[in-house]
Amino acid sequence: MKKFLLCLVLLLTGCGIETRVIDKANGDSKTYLFFKDFNPNNYYVELWDRNVNKNDDTKIILARDGDKYYYEIDGVSNMINIWKDGYLYTLDGQLKNYNKVQSPVQDNAYGILPNDMKTLRIKGYETGGEKIYGKTYTYEKYTYDNEETIYYFDGNDLVYIRYNGLQKNLFYKFNLTKDKASSNLFEIPKDYLEITY
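Residues numbered from 1 in each chain as written. Predicted model: local features only at pLDDT ≥ 70, side-chain atom pairs only at ≥ 80, totals over all residues. Heavy atoms only, no water.

J.: I would appreciate a short explanation of the packing of aromatic side chains in the present structure.
T.: In the structure shown here, the tally under the stated rule is 17 aromatic pairs. With 6.4 Å between their ring centres and 45° between their planes, Tyr133 and Phe171 make a pair best called tilted. With a gap of 38 residues between them, Tyr133 in the loop between β8 (125-132) and β9 (135-144) and Phe171 in strand β12 (residues 169-178) connect regions that are remote in the sequence. Consider the rings of Tyr142 and Tyr151, whose centres lie 6.2 Å apart with planes at 70°: the pair is edge-to-face. Classification of Tyr142 as buried rests on a relative accessible area of 0%. Note on Tyr151: relative accessible area 5%, which makes it buried. The rings of Phe34, Phe35, Phe38, Tyr43, Tyr125, Tyr142, Tyr151, Phe153 and Phe174 are connected pair by pair, giving a single aromatic cluster. (Phe/Tyr/Trp six-rings, centres within 6.5 Å; stacked < 30°, edge-to-face > 60°. Helix = DSSP H or I, 4+ residues; strand = E, 2+ residues; numbered from the N terminus. Buried < 20%, exposed > 50% of the residue type's maximum accessible area, 1.4 Å probe, protein only.)

Here it is, written out as structure tokens:
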């Protein structure tokens, strides 16, 4: 009978995760512990787009090797952007062509992936529980000026990443990360035709 009453009390009061504000972390946040070996200058990360619905199978690939950046959207269509040597190469995987223009780097990982591990180690954050697609996850929300990045965890596993900025809001499901991006990723395939305008 006591077990039944305890279960009833938990159901009536809820068993949510208390929201807390951590003013200064000490390298013990779930986010820092998950990314502690992450190198913001050399990485390969795969995400699933969740900006439209929970079943979207559009894959997002973010990669960096020093001053070379790679960004791919692989869904209904396939689009690849590669920044290197002061140029942006835009590849069309279906037509097997590309164009090349001078362009500064657009860091598509900004707000999604940490870019300063020393700051992240001690950065204050808000933590609590939030329900996404019917399941409650522990979140850690980091605020930078007028922007925020929220990492959602199931235990110690990163599940979702949400970025809310002045110009865009993004929501991704985390798939995987590798310590290093392959150098082949930044090469233009030899069978692609250059298109000039």
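Anyway, onward from the coordinates.
J.: Got a minute to help me understand the pairing of strand β3 (residues 59-65) in this structure?
T.: Successive residues of a regular strand alternate their side chains across the two faces of the sheet. Burial analysis of β3 places five of its seven residues in the buried class, the great majority of the element. Looking at chain direction, strand β2 (residues 42-49) and β3 are connected through seven bridges and run antiparallel. Of the residues in β3, the one forming a bridge with Val45 is Leu62. The hairpin turn running from β3 into strand β4 (residues 68-74), its antiparallel successor, is two residues long, and Gly66 in that turn takes a positive phi close to 65°. (Pairing = 2+ DSSP bridges.)

J.: What should I look at first to understand the pairing of strand β5 (residues 78-84) in this one?
T.: Within β5, six of the seven residues are buried, leaving the element largely enclosed by the surrounding structure. Looking at chain direction, β4 and β5 are connected through six bridges and run antiparallel. From the neighbouring strand, Ile73 faces β5, where its bridge partner is Met79. In sequence, β4 turns back onto β5 through a hairpin of three residues. Here β5 pairs with strand β6 (residues 87-92) via six bridges, running antiparallel. Note that in β6 the partner of Ile80 across the bridge is Leu91. In textbook terms, the turn of a hairpin is the stretch between consecutive antiparallel strands, and for β5 and β6 this stretch comprises two residues, one of which, Asp85, has a positive phi near 55°.

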